[in-house]
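The chain contents come next:
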Amino acid sequence: MSPTLSKLVRVQPSGKRLIGLARNVLYRALAAEGKTAHGLSPILAILDEVGQVEGPTDKFVTAITSAQGAYTNPLLIAISTQAPTDADMFSTWIDAQKNAPDPRVVCHVYAAPEDCELDDRKAWAAANPALGVFRSLEDVEKQCKAALALPAQENDFRNLILNQRVSTASPFVSRATWQANGEPPFPIERQKVWGGLDLSSVSDLTALVLVTEGGDVHPTFWLPHEGLLEKSRKDRVPYDVWQRDGRLQTTPGKAIEYEYIAEFMRGLFDAHDVVKIAFDRALFNHLKPWLVKAGFSDSELEKFEPYGQGTLSMTPALRELEVRLLNTQLKHGNHPVLTMCANNAVVVGDSGARKFDKAKARGRIDGMVALAMAVGVMPTTVQIERSFWESA
């Protein structure tokens, strides 16, 4: 429509192309599919809404960045609202630049403070430099009013308007609340511990979470060693990195071998004062023979308590876990696998009948299921406080 630009650029709408006539430069719009990006050599690539990429890698982005290696001075521009979790690709890019700045990279993050109130206008401006210019102030006011009236819309507002790293799926525990409980846990030696054991069927994540009276949280996770990289790509989380860093245990073969879980439990019972271990009854029959083979006595086996996954059992467990988290009575040390599960955990139902909903979760939630079961078989916080004062 512009006579001036028409002399400089030829538009090909059907192919979504622009051709710069002066230097014969081709601009193309590409679909975000890995196959379409192969064979190209773009000196300039502009990636829009990179925060929508789930997980640490993406075939399309990898193909683009690899293709730019043909030039000595390529330019990559990534523009997006923040991704929902720390494990997503755009988050890893931002965090890498914060932790170890690369002089070749320029990173600008316009985001509101994590603990800000929804109606804090300074927070709005921090996340939206164009607010009141070409970003409508009236629209932000309208969306804020809706988020204040409907808690279910709060995470949408925080992610899309305040540019905070939160999931729009309304997780069971907010990011700020989870981080408030992120202090390093004390060792469990000479402490009573309760546990939750979420067993996997074949090749999924198995989780054991131990909790002490003082709120120290010690999780252990297992996956089969074979196929770990494929599992990382499928779930879009760095299982291989966590395994290398000692945050994830692996068992030989392609499936979880309960023999190794039983041997781990044997060492746990020998070294610590285990009061109870809650477990999902569905798979315990497969583990029990291995516990017996590992030398568990009848009295020790009685410490394993079947725990339902429906609303009847989970409602009080979730209520107690929520109380402890809101009162910062837990110390989980920001364990990356457990934090991933916390970010993914979504509940269904109201305060009178709730349970975890794996169908709505973004990814694995096994660690949070195990944590909820551990807290569910513990004495309540009121009982713990009363026994403490009585002993004092």
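For the structure, check the block above.
Residues numbered from 1 in each chain as written. Predicted model: local features only at pLDDT ≥ 70, side-chain atom pairs only at ≥ 80, totals over all residues. Heavy atoms only, no water.

What about the pattern of salt bridges?
Tallied over the full model, the rule gives 17 salt bridges. The shortest N-O distance in the salt bridge between arginine 165 and aspartate 95 comes to 2.9 Å. Of this pair, arginine 165 sits in the loop between helix 7 (154-160) and helix 8 (175-180) while aspartate 95 is found in helix 4 (residues 89-99), placing the two residues 70 residues apart along the sequence. Residue classification places arginine 165 among the buried residues on the basis of a relative accessible area of 8%. Between aspartate 102 and arginine 104 there is a salt bridge, with the nearest N and O atoms lying 2.9 Å from each other. By relative accessible area, aspartate 102 is classed as partly exposed at 21%. (Salt bridge = Lys/Arg side-chain N within 4 Å of Asp/Glu carboxyl O. Helix = DSSP H or I, 4+ residues; strand = E, 2+ residues; numbered from the N terminus. Buried < 20%, exposed > 50% of the residue type's maximum accessible area, 1.4 Å probe, protein only.)

Brief notes about the environment of leucine 268
Relative to the helices and strands, leucine 268 is located in helix 11 (residues 258-271). A relative accessible area of 6% places leucine 268 in the buried class. With 198 residues separating them in the primary sequence, leucine 268 and alanine 70 have C-alpha atoms 54 Å apart. Among residues more than four places away in sequence, those in contact with leucine 268 are Ile188, Leu208, Leu210 and Val274. (Contact = heavy atoms within 4.5 Å.)

Quick word on unusual backbone geometry
With a phi close to 55°, glutamate 49 is a non-glycine residue in the positive phi region. Examined against the element boundaries, glutamate 49 turns out to sit in the loop between strand 4 (44-48) and helix 3 (59-67). A positive phi is found at asparagine 163, a non-glycine position, where the angle reads about 55°. Along the chain, the position of asparagine 163 falls in the loop between helix 7 and helix 8.

Quick notes on the layout of surface pockets
Considered as a void within the structure, the largest pocket measures approximately 1300 Å³ in volume. Lining of the largest pocket is provided by 36 residues; of these, Ile77, Ala78, Ile79, Phe90 and Val106 occupy positions nearest its centre. In the lining of the largest pocket, the residues fall into 21 nonpolar, ten polar and five charged. (1 Å grid on protein atoms, 1.4 Å probe; cavity = no way out; pocket = protein on both sides within 12 Å on 5 of 7 lines; lining within 4 Å. Points joined across faces, edges and corners; volume = space filled by probe spheres on them. Nonpolar A, V, L, I, M, F, W, Y, C, P; charged D, E, K, R; others polar.)

Comments concerning the packing of aromatic side chains
Summed over the entire model, instances satisfying the criterion amount to nine aromatic pairs. With 6.4 Å between their ring centres and 70° between their planes, phenylalanine 90 and tryptophan 93 make a pair best called edge-to-face. Residue phenylalanine 90 and its partner tryptophan 93 are both found in helix 4; the two are separated by three residues, about one turn of the helix. Ring geometry for tyrosine 239 versus tryptophan 242: centroids 5.9 Å apart, planes at 75°, classification edge-to-face. Placement of both tyrosine 239 and tryptophan 242 in helix 10 (residues 239-244) is noted, with a separation of three residues, approximately one turn of the helix. When its relative accessible area of 9% is taken as the criterion, tryptophan 242 is described as buried. (Phe/Tyr/Trp six-rings, centres within 6.5 Å; stacked < 30°, edge-to-face > 60°.)

Thoughts on the sheet that holds strand 3 (residues 25-28)
Each strand in a sheet pairs with another by means of backbone hydrogen bonds, the pair being arranged parallel or else antiparallel. Spatial strand order, 1-2-3: three strands in an open sheet with antiparallel pairing. One side of each edge strand has no neighbouring strand; the edge strands of this open sheet are strand 1 (9-12) and strand 3. Neighbouring strand axes in the sheet, compared pairwise and without regard to direction, differ in orientation by 20° on average. Judged from the four bridges that link them, strand 2 (residues 17-20) and strand 3 form a sheet pairing that is antiparallel. Residue glycine 20 lies in a different strand from strand 3, and its bridge partner there is valine 25. (Pairing = 2+ DSSP bridges. Axes fitted to C-alpha atoms, helices over the stretch in contact; angles between N-to-C directions.)

So, the nonpolar core
Grouped together as the largest cluster of nonpolar side chains are 43 residues, with contacts concentrated most on Phe172, Leu321, Phe356, Met368 and Leu371. Every element with two or more residues in this core is listed here: strand 7 (206-212), strand 8 (217-224), helix 10, helix 14 (311-326), helix 15 (336-344) and helix 16 (366-376). Broken down by element, this core gets its largest block of residues, eight residues, from helix 16. Those residues in contact with phenylalanine 172 that lie beyond four places of it in its chain are Leu318, Leu321, Glu322, Leu325, Ala345, Val346, Val347, Arg354, Phe356 and Met368. The next biggest cluster of nonpolar side chains, apart from the first, holds 25 residues, and it includes Leu210, Ala262, Leu283 and Leu291. (Core = buried A, V, L, I, M, F, W, Y, C linked by side-chain atoms within 4.5 Å.)

Some points on helix 9 (residues 228-235)
Listing the buried residues of helix 9 in full gives Leu228, Lys231 and Ser232. Relative to the axis of helix 9, the buried residues are bounded by an arc of 105° and lie together on one face. Along helix 9, the residues that are exposed and aim more than 90 degrees away from the buried face are Arg233 and Lys234. Check the buried side of helix 9 and you find it contacts strand 8, helix 10 and strand 9 (249-251). Immediately beyond the C-terminal end of helix 9, within one or two residues, lies arginine 236, with a positive phi of roughly 60°. (Arc of directions from axis to C-beta.)

Brief notes about the packing of helix 15 against helix 16
Two elements in contact, helix 15 and helix 16, have axes whose closest approach is 7 Å; the angle formed by their N-to-C orientations is 90°. Our classification of the angle between helix 15 and helix 16 gives roughly perpendicular. On helix 16, the residues that touch Leu338, Cys341 and Ala342 of helix 15 are Asp366, Gly367 and Met368. In terms of residue class, the contact of helix 15 with helix 16 is made up of four nonpolar, one polar and one charged. (Parallel < 35°, antiparallel > 145°, perpendicular 65-115°, else oblique.)

As for a nonpolar patch on the surface
A cluster of nonpolar side chains, Val11, Leu18, Val25, Tyr27, Ile43, Leu44, Ile46, Tyr71, Leu75, Ile77 and Ile79, forms an exposed patch at the surface whose accessible area comes to about 930 Å². Contributions of two or more residues to the nonpolar patch are made by strand 3, strand 4 and strand 5 (75-79). Of the residues forming the nonpolar patch, the biggest block, three residues, is contributed by strand 5. On the secondary structure map, isoleucine 46 appears in strand 4. (Patch = residues over 30% accessible without salt bridge, like charges linked within 9 Å, V, L, I, M, F, W, Y side chains within 5 Å. Areas by Shrake-Rupley, 256 points an atom, 1.4 Å probe, with all protein chains shown as cover.)

Looking at the sheet that holds strand 10 (residues 273-279)
Here six strands make up an open sheet; going across it, the order is 9-8-7-6-10-11 and the pairing mixed. Both edges of this open sheet fall to strand 9 and strand 11 (304-306), since each of them pairs with a single strand only. Here the strands of the sheet are splayed against their neighbours by 20° on average, with no regard to which way each runs. In this structure, strand 6 (residues 192-198) lies alongside strand 7, joined through six bridges in antiparallel fashion.

In short, shape yes, function no, at least from these values alone.
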